[in-house]
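This is what each chain is made of:
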Amino acid sequence: MAEHIITFENNKPPVTVATGTLLAEAIQQATVSLNQPCGGQGRCGRCAVRVTDGTVRSRSTLRLSAEDVAAGYVLACQAVVESDAAISIPPQEKIERLLTTDLVSAEVEVPAGYDPHKVQNVRRVTLTLPPPTMDDQTDDWNRLLTALRQQADFGTVQASLDQIQGLGGVLREGDWRVTATLDAERWDCPGCPARLIDLKPGHTPVETPLWGIAVDIGTTTVTLWLVDLLTGKVLAQVAEYNGQITRGEDVISRVIYAGKNNGAAELRDLVLTTINALLETACKRVQAQPCDVVKAVVSGNSVMMHLLLNIRADSIRLSPFVTAINDIPTLTGREVGFNTHPAATVDCLPGVASYVGADITAGVLSSGLIDTEAVTLFIDMGTNGETVLGNRDWLVTCACSAGPAFEGGGVLDGMRATKGAIEEVWINGATFEPTFRVIGGVKPRGLCGSALIALLAEMALTGVMDKGGHINTHRDHPRIRDGEHGPEYVVAWANETAHNRDIVITNVDIDNLIRAKAAIYAGFSVLAERVGVPLEMAEQVLIGGSFGKYINVEKAVEIGLLPDMPWENFHFLGNTSVRGAYLALLDREARARVKASAARMTYIELSADNIFYDAFTSALFLPHTDLSRFPSVQAAVVS
């Protein structure tokens, strides 16, 4: 097969690839930054590059205008190399750093009565061993085991080969005084086996923290809490965008990308890079080292767990939609790729099904759902729209693909909730003029999820668009116009923005948002119908997810995203996934409750249910085709 030289205008070294190689793969080989938010499916159009010389063959020109094609632009994920070529890559959208303090700065309350000696699996003990003599020639390993039995009431202890290889040096360096860190299922069971995590020379002071981490791998955001296991206190909280975003903004796109060539390994490396960078940052804040961390509990949806561990995830998106594994065995830091202590315990919380993962079982624990008598609707407001209905006696769950629209994905001027994002919008019903509030008090750069919800509600209530989501272009107003992508409403003029471009919302954007809100509403309404519990019987609605806490309840009800209930019934809990991981990190009984709740959740697969399609179709309206479901909105419209 012929080979061709691909050169780049940004002074990157040229690469040599075979005929038929995807241009995106050639660009990746050259280590040039290229975002593929749809996972290389050719849907988003955001991997467009310009061929300035040579020949490539395009499979698709979706999202490219005739002018783009004439200028030599192609979609890198849909173009194959057929000759030597020169490529110009436009500046890529940057995934800016999260404002960590805005996301996770709240002080975390340690569970009442926390006693690590009663509930913690990991323990650190100091030992003094008698040195060997001509009369006592016991080998080093059995000398250590004897000290553990006599001084710390340990039974069987397991160790790795590298620990045994270094054992003699550690014992002698510490002059037969050492500190051992071990993990055991129970400490009140002398015969139960324990696993040696670490052995250090000398006696570690009792007040020295014993470090653990709770990690939530979200599709959009990764959150990490650094915890002193001796006190239960969270001493550092950090968050960052999941590095996998550049290879797909939703889980399906990432599963598809993982199935291409070296995609799975690349996605694993991206999320590990994110997690290990967060670990480094958190440890620096407390003058610790990542290798001091001896325990980790990890939560996340099923796809994120599979991609973290490089487990094939393609079966998740294919009928009958099953995971490779829901309950992952305990692993070590070395096995997972964490820069913790190599022998650190890594506990991945269990999921329920392909689209109801550990983030939901962790949320069910931390939200208190498994303890309440009240019929409760728990919604994780993210790209997957997972819902749980029930109480301490019964739990049913489902998931629907909401997509990334409410996190800025698939919206022309959408962006994540960082500095420069418009977060709230109001429209004057008489003049159709908007006012808005921007995160950070700077000039706006785009619209984040909370603004998109508010904007939909305001446009519907003021008549800027109809209840079907179509902008009323017959209105004679400069903000309502036909744009490059069809009818649009101008939220901010170019001279008001940071990038000197109008910020708009288009009919296409509105359609994506309505479909997302319809999927979420249809999901929990069908769930309630399937178990014979009308939505109005729900006594409270618990909303998890970092995005959820920024939602304006009134606006969310007005567009039909949330059920029409008294505002006091809604409780926004923030990141319930990392909170659940934290509780499981501290307490083995809490961990056991996560496992038990996962085992008793009844999962309903909505894709196999015609009722869901009907409910989804009915919800493609603002707020709904059946306005009687939203009496407060009906009253506002009438008034």
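Report follows, based on the coordinates. (Residues numbered from 1 in each chain as written. Predicted model: local features only at pLDDT ≥ 70, side-chain atom pairs only at ≥ 80, totals over all residues. Heavy atoms only, no water.)

**A look at unusual backbone geometry**
Most peptide bonds are trans, and most residues other than glycine sit at a negative phi. Here is the rule: Secondary structure elements follow DSSP: runs of H or I of four or more residues count as helices, runs of E of two or more count as strands, with numbering from the N terminus.
A cis amide bond links Ser 319 to the next residue, Pro 320, at an omega of 10°. Mapped onto the elements, Pro 320 comes out in the loop between α10 (314-317) and β14 (331-332). Of note, the amide linkage connecting Leu 622 to Pro 623 takes the cis form, showing an omega dihedral of 0°. The phi dihedral of Asn 310 is positive, around 55°, even though this residue is not glycine.

**Considering the pattern of salt bridges**
For clarity, the cut-off: Take a side-chain nitrogen of Lys or Arg and a carboxyl oxygen of Asp or Glu: if they are within 4 Å of each other, that pair is a salt bridge.
Here the structure, examined in full by the defined rule, presents 20 salt bridges. In this structure, the salt-bridge partner of Arg 501 is Asp 413, at a minimum N-O distance of 4.0 Å. Of this pair, Arg 501 sits in the loop between β23 (486-492) and β24 (503-506) while Asp 413 sits in the loop between β18 (395-398) and β19 (421-427), placing them 88 residues apart in sequence.

**What to know about the packing of aromatic side chains**
Heads up, the condition is: What counts as a ring pair is set by centres within 6.5 Å for rings of Phe, Tyr and Trp (its six-membered ring), and what kind of pair is set by the plane angle: stacked under 30 degrees, edge-to-face over 60, tilted for all other angles. To sort residues, take the accessible area from a 1.4 Å probe on protein chains only and compare it with the maximum for the residue type: under 20% means buried, over 50% means exposed, and anything in between is partly exposed. Two conditions define a charge sitting above a ring: the NZ of Lys or the CZ of Arg must be within 6 Å of the ring centre, and it must be within 35 degrees of the ring normal.
The full count for this structure, using the stated rule, is 4 aromatic pairs. With centroids separated by 5.1 Å and ring planes inclined at 70°, the aromatic side chains of Tyr 521 and Phe 524 adopt a geometry described as edge-to-face. A residue pair is termed a helical-turn pair when its members lie 3 or 4 positions apart in one helix, as Tyr 521 and Phe 524 do in helix α14 (residues 507-530) at 3 residues. For the pair Tyr 521 and Phe 524, a shared accessibility class is recorded, and that class is buried. Grouping aromatic residues by their ring pairs yields a cluster made of Tyr 521, Phe 524 and Phe 630. Looking at Arg 416, its charged tip hangs above the ring of Tyr 241, at a distance of 5.1 Å from the centre.

**Focus: helix α13 (residues 449-462)**
Heads up, the rule is: A helix is expected to span 1.5 Å multiplied by its residue count minus one.
In this model α13 runs 20 Å from its N-terminal to its C-terminal C-alpha over 14 residues, within 8% of the 20 Å that 1.5 Å per residue would give. The buried fraction of α13 is high, at 13 of 14 residues. In the segment just after α13, Gly 463 is the residue with positive phi, at about 85°.

**Some remarks on the sheet that holds strand β2 (residues 15-18)**
Strands in a sheet are paired, the pairing made by backbone hydrogen bonds, and the direction either parallel or antiparallel. Operational definition: Strands qualify as paired when DSSP identifies two bridges or more between them. Here, axes are lines fitted to C-alpha atoms. For helices the fit covers the stretch in contact, and angles between N-to-C directions go from 0 to 180 degrees.
Judged by pairing direction, the sheet is mixed, and its 5 strands sit side by side in the order β2-β1-β5-β3-β4 without closing on themselves. Unpaired on one side and paired on the other, β2 and β4 (73-75) mark the two borders of the sheet. The mean inter-strand angle of the sheet, taken between neighbouring strand axes irrespective of direction, is 45°. One ladder, built from 3 bridges, connects strand β3 (residues 48-58) with β4; its direction is antiparallel. Bridge assignment links Ala 48 to a residue of β4, and that residue is Leu 75.

**Quick word on the side chain of Thr 361**
As a reminder of what qualifies: Within 3.5 Å is the distance limit for a polar contact, defined as a pair of N or O atoms, with the added protein rule that one can donate a hydrogen and the other accept it, and that residues adjacent in sequence qualify only through two side-chain atoms. Whether two residues touch is decided by their heavy atoms; if any such pair falls within 4.5 Å, the residues are in contact.
Assignment of secondary structure puts Thr 361 in helix α12 (residues 358-366). Polar side-chain contacts of Thr 361 include one of 3.1 Å to the backbone oxygen of Ala 358. Sequence-distant contacts of Thr 361, defined by excluding residues within four places in its chain, comprise Pro 350, Gly 351, Val 352, Val 594, Ser 597, Ala 598 and Met 601.

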